[in-house]
Amino acid sequence: MVRYVYDFTVGGRDMAGLLGGKGANLAEMTRMGLPVPPGFTVTTEACRAFLTTGTEPNGLAREISDHLTALEEAAGRRLGQPDDPLLLSVRSGARFSMPGMMETILDIGLGDESVLGLAKSSGNERFAWDSYRRLVQMFGSTVMGVDSALFEKALARLKEARGAADDLGLDAADLAGLVEMYKELIRQETGEYFPQSPAEQLRRAVLAVFASWNGERARLYRRREHIPDDLGTAVNVQTMVFGNLGPDSGSGVAFTRDPATGARGVYGDYLSNAQGEDVVAGIRNTVPLDELGRVNPEAFAQLRDHMRTLEAHYRDLCDIEFTIERGRLWMLQTRVGKRTAEAAFAIAAELADEGLITSDEGLARVSGDGLARLMFPRFDTSAVGEALAHGIPASPGAAVGAAVFDSAEAVRRAAAGEKVVLVRQETTPDDLPGMVAAQAVLTSRGGKTSHAAVVARGMGKVCVCGAEEITVDLPGRRFTVGGTTVEEGTVISVDGSDGAVYAGAAPLVDSAVMRYFETGAPGERSARLVGAVVGAMQHADGVRRLGVRANADTPEDAARARRFGAEGIGLCRTEHMFLGDRRQLVEAMILSRTDAERERALDALLPLQRRDFIGILEAMDGLPVTIRLLDPPLHEFLPDRTELAVRLAAAEAHGTPPSAHDAELLDAVNRMHEENPMLGLRGVRLGLVAPGLVAMQVRAIAEAVVERKRAGGDPRAEIMVPLIDTVKELRLVREEVEQVLADVSKESGVPVECPVGTMIELPRAALTAGRIAEEAQFFSFGTNDLTQTTWGFSRDDVEAAFFSAYLDKGIFTVSPFETIDREGVGRLVEIAVAEGRAARPGLKIGVCGEHGGDPDSVHFFHGVGLDYVSCSPFRVPVARLEAGRAALPETKTSDSR
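Residues numbered from 1 in each chain as written. Predicted model: local features only at pLDDT ≥ 70, side-chain atom pairs only at ≥ 80, totals over all residues. Heavy atoms only, no water.

Draft legend 1. A look at the pairing of strand β4 (residues 104–108). Where burial is concerned, most of β4 is hidden: five out of the five residues are buried. Here three bridges tie strand β3 (residues 88–94) to β4, and the two strands are oriented antiparallel to one another. Its bridge partner lying in β4, L88 is registered against I108. (Buried < 20%, exposed > 50% of the residue type's maximum accessible area, 1.4 Å probe, protein only. Helix = DSSP H or I, 4+ residues; strand = E, 2+ residues; numbered from the N terminus. Pairing = 2+ DSSP bridges.)

Draft legend 2. Structural context of the confidence of the model for the protein. Looking at the protein, the pLDDT average stands at 91 and 98% of residues meet or exceed 70. Of the regions scoring below 50 in pLDDT, residues 891–897 engages in 23 contacts with residues more than four places distant in sequence or in other chains. (pLDDT = per-residue confidence, 0-100. Contact = heavy atoms within 4.5 Å.)

Draft legend 3. Main features of the nonpolar core. Ranked by internal contacts, the top residues of the largest apolar core, which has 110 residues, are F345, L371, V533, F779, F781, L866 and L881. It is helix α27 (residues 693–710) that contributes the most residues to this core, 10 residues altogether. When neighbours within four sequence positions are excluded, L866 is seen to be in contact with R545, L546, F781, V829, V833, R837, I845, G846, V847 and F861. Within the second largest apolar cluster, 61 residues are counted, among which are A119, A172, Y182 and I186. (Core = buried A, V, L, I, M, F, W, Y, C linked by side-chain atoms within 4.5 Å.)

Draft legend 4. A look at the pattern of salt bridges. Within this structure, the stated rule accounts for 62 salt bridges. Note that R731 is salt-bridged to E775, the shortest N-O span being 3.0 Å. Linking R731 in helix α28 (residues 727–748) with E775 in the loop between α30 (769–772) and β29 (778–781), this pair joins segments that are 44 residues apart in sequence. Under the relative-accessibility criterion, R731 is labelled partly exposed at 28%. E775 is the partner of R734 in a salt bridge, and the nearest nitrogen-oxygen pair spans 3.9 Å. (Salt bridge = Lys/Arg side-chain N within 4 Å of Asp/Glu carboxyl O.)

Draft legend 5. How the structure looks around the pairing of strand β6 (residues 250–257). Of all the eight residues making up β6, eight are buried; the element is thus mostly covered by neighbouring parts of the structure. Note: β6 against strand β7 (residues 264–272), seven bridges, orientation antiparallel. Note on β7: the bridge partner recorded for F255 is Y267. In this antiparallel pair of consecutive strands, β6 and β7, the connection spans six residues, and G262 shows a positive phi of 85°. Summarising the sheet, β6 and strand β9 (residues 318–325) pair through six bridges and their orientation is antiparallel. When the bridges of β9 are listed, V253 appears paired with E321.

Draft legend 6. The arrangement of the sheet that holds strand β1 (residues 5–7) in detail. The sheet built from five strands is open, its strands ordered β1-β2-β5-β3-β4 with antiparallel pairing. Two strands close off the open sheet at either side, each with one partner strand: β1 and β4. Adjacent strand axes in the sheet meet at a mean angle of 20° when their direction is disregarded. The pairing of strand β2 (residues 39–42) with strand β5 (residues 233–239) spans four bridges and is classified as antiparallel. Note on β5: the bridge partner recorded for F40 is V237. Lying on the sheet, helix α1 (residues 16–32) is in contact with β1, β2, β3 and β5; it crosses β3 at an angle near 125°. Across the sheet, helix α3 (residues 60–75) touches β1, β2, β3 and β5, and the angle it forms with β2 is around 165°. (Axes fitted to C-alpha atoms, helices over the stretch in contact; angles between N-to-C directions.)

Draft legend 7. The arrangement of α28 in detail. Here α28 spans 31 Å end to end across 22 residues, near enough to the 32 Å set by a 1.5 Å rise per residue. Packed against the buried residues of α28 are α26 (684–689), α27, β27 (716–721), β28 (756–760) and α30. A positive backbone phi angle near 75° is found at G749, which sits one or two residues after α28. (Expected span 1.5 Å × (residues − 1).)

Draft legend 8. Structural detail: the side chain of S493. Looking at the element boundaries, S493 is found in strand β21 (residues 491–495). S493 gets classed as buried once you look at its relative accessible area, which sits at 0%. In this structure the side chain of S493 is engaged in a polar contact, spanning 2.8 Å, whose partner is the backbone nitrogen of A506. Setting aside its immediate chain neighbours within four residues, S493 contacts F379, A399, V400, A500, V501, Y502, G504, A505 and A506. (Polar contact = N/O pair within 3.5 Å; in protein donor to acceptor, adjacent residues only side chain to side chain.)

Draft legend 9. Inspection of the sheet that holds strand β31 (residues 868–871) at higher detail. As summarised here, the arrangement of the eight strands in space is β24-β25-β26-β27-β28-β29-β30-β31, forming a closed barrel in which the pairing is parallel. Here the strands of the sheet are splayed against their neighbours by 30° on average, with no regard to which way each runs. For strand β25 (residues 569–573) and strand β26 (residues 624–628), the ladder comprises three bridges, and the chain directions are parallel. Following the sheet pairing, R573 is matched in β26 by R628. Each of β25, β26 and β27 touches helix α23 (residues 595–619); the most contacted strand, β26, lies at about 150° to it.

Draft legend 10. Layout of the packing of helix α2 (residues 44–53) against helix α8 (residues 198–212). Two numbers describe how α2 lies on α8: the axes approach to 9 Å, and their chain directions differ by 75°. When the axes of α2 and α8 are compared, the pair comes out roughly perpendicular. Contacts from A46, C47, F50 and L51 of α2 reach α8 at L207, F210 and A211. Considering only residue class, the contact of α2 with α8 consists of seven nonpolar, no polar and no charged. (Parallel < 35°, antiparallel > 145°, perpendicular 65-115°, else oblique. Nonpolar A, V, L, I, M, F, W, Y, C, P; charged D, E, K, R; others polar.)

Draft legend 11. Geometry of the environment of M101. Here M101 is to be found in the loop between β3 and β4. For M101, a relative accessible area of 1% puts it in the buried group. The spatial distance from the C-alpha of M101 to the C-alpha of A372 is 26 Å, given a sequence separation of 271 residues. Once you skip the residues sitting within four places of it in the chain, M101 turns out to touch S212, R217, A218, Y221, P429, L432, H451 and V455.

Draft legend 12. View of unusual backbone geometry. Despite not being glycine, R477 shows a phi value in the positive range, around 55°. Considering the arrangement of structural elements, one finds R477 in the loop between β18 (471–473) and β19 (478–481). We classify R477 as partly exposed; its relative accessible area is 27%. Phi is positive for L723, close to 60°, though the residue is something other than glycine. Considering the arrangement of structural elements, one finds L723 in the loop between β27 and α28.

Draft legend 13. Focus on the packing of aromatic side chains. Going through the model one piece at a time under the given rule, you end up with 24 aromatic pairs. Plain terms: the ring middles of F139 and F194 are 5.6 Å apart, the flat faces sit at 85° to each other, and that makes the pair edge-to-face. Taken as a pair, F139 in helix α5 (residues 125–142) and F194 in the loop between α7 (172–190) and α8 lie far apart in primary sequence, 55 residues in all. F194 gets classed as buried once you look at its relative accessible area, which sits at 5%. Members of the aromatic cluster, joined through ring pairs, are W791, F793, F802, F803, Y806, F812 and F817. Stacked on the ring of W213, the Lys or Arg R222 has its end atom at 3.9 Å from the ring centre. (Phe/Tyr/Trp six-rings, centres within 6.5 Å; stacked < 30°, edge-to-face > 60°. Lys NZ or Arg CZ within 6 Å of the ring centre and 35° of its normal.)

Draft legend 14. Highlighting the packing of helix α31 (residues 783–791) against helix α34 (residues 825–839). For the pair α31 and α34, interaxial distance at closest approach is 10 Å and the crossing angle is 115°. Remark: the crossing between α31 and α34 carries right-handed chirality. Contacts from L786, T787, T790 and W791 in α31 reach V825, L828 and V829 in α34. (Left-handed = near helix turned anticlockwise from the far one by under 90°.)

This is the structure in structure tokens:
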């Protein structure tokens, strides 16, 4: 029989798939002997069963009842007992942390009768009514579907009427009246009364948490974080402990290290006379955790001891939620904490230095995505004026955008291509779409553990919280600070590294990590961070099998790629050398009507191409340079068809003679026009039907090789033929290439040997790779075109047309142009690798599409046995790092999603 419920005394952190991350860690802390309020976990399996059928799984109610009875017996009180009620919290807990994305209901068990018993047993009438109003509000919005804004408005009106700055300004009578207002709201909005049965409250709360797995914000967060949709959430039912009993009580969130920088110490927020939700919501500004040491030294000392114990046990940064009830400390949650990219590298390096983790584990705990964020530019603080305001630097980075004041406006403007900064008093889970759309988040309330801070850090989004100088006027859609008013649409700059907010667009400079890759100099202020990055890169380079090359078309790009650690060029696109001032020569070649005219045009292009190749081969001396022959159709080098037609029509309308050259160009464009040029006359097809084109390019390459050898260099040019469908195409081109190489060798007296290979970018080429390998000396997968032709997509059209709908519907979890489609495109890659190497053992195989710099795709390419990946120069460090991580025996990354 399936078991759906586990007591906290059963299980541990290795059961996160079944108990969820929160439940597994509660069980682990219970097993460690830490002070955890007792409770039980309803499994993710129960959630999946509920989501599949829409009904409560058979046997679940009985199991919950049995565990509740055991909880009541241990406590000596019953749930909702009129004179001294046992109260429960019901919280979500998925395998991967999804902060604020699903539901929580506190104080389950309270009703009109038991609230009086709670007031009497606690000796605190205000506390009892405060707890009851929280339950009615949470249950009404979460379980019964009432708009939470209605409750917030009722609370705001009451505070205004009483002249209260926050909810602490309301007395017991105020809160009792508020409960009645809330209950009437529920009746008006739903036609139901708030349930007085504790058992009904518990049952409906558990099912509501299950249902919240498929809520809009949870689905959006999973899509953003690439969390699978089929995992489901566990539900944790736990005995309530109360931080809102008075000044000797409170709640807080602690980190064993700074989640923004990774620095050691005690970091976190504390709020006296508050429940945990108040801390995260940011509805009152918290105080630093150190303040607890002054208020309650004994509890603070216990907390610090537990923090040290947990970090040593988990061997990682721990994020801890706690409550102090009348001076007694209770641990409500721990997890491996979310951290910024800077903190991830710093913590991994320090834990490895301390011997708590191995170098392999340290490498597994950082990521290419994090490294990419550290390479983003920062503000030039020497060139900005005085800051408008300062807040808490919650998530580092530099962001510029128009200030907007609600999630919907952020989404609307971002969809139109505008960069925005979401400004709020504090964020709620409902703000997630706007946070995803924005470049940065700025709040006037909250701290490093508020919802805005935790979610922004998890997404790598710039965030400044608790900028108290700012007064946010949501109805007026503006904020004021000092004598300055910032209206919606005004551009501001947010520095998540030091908490500053500036008017206008602040200038940017390279980050310390980027400066290191460019110059090798870390800079004094950033030596600790750069040292951690360098250590990770060195270890990755030491363990990786996969080579990393760059896609580079100019000597400047090639030199930069080499500085960034590229081991050659995997794709040099010759078509980029035909643009700019050379376009006229290409036009002359296209418009030529005789062989002599064509040869003159090609002869004019040859020295220019040769000079390009000399520069690139010099920059990559001693390393392979894979040069792709011309790929796009020739009409792409001609003026736009419509533009030419308009120019000719305008001349005719004005009675002026039309340009003969324009007329000739339009005639050529019309002759070459294709309905679908992506599948038309391009690549190898163009080389086979355009006489002299292949020979000119190959001669330029060969003569560049000769020039570099004569200069004492070590040029290693490789010639790649694009868009092969059949081995016969490659055979014909290879014969022409080898003839030209032989001619140049004879003419110069310098031997020129360039391997000739092909791109595998069409399904037929992948499926016949064994035959093609008979002629190809290397393969390189062009995964951009292979993805288009496998899916039947025209990338320029489909991404705007329906990709967002496909992501919303779960057809994609990520765009196949961003991360390799393992089932389809990946399967073709596997077939081509296996058949190519069966036909030609030792065949060198790489990839040169954009996927070569995508972290997840790098792991796939390592797994299928490719020799190298090639990506843009700026992604080379990312690919190096991920190639190292892919080579680890077991990549157990820290579960800090």
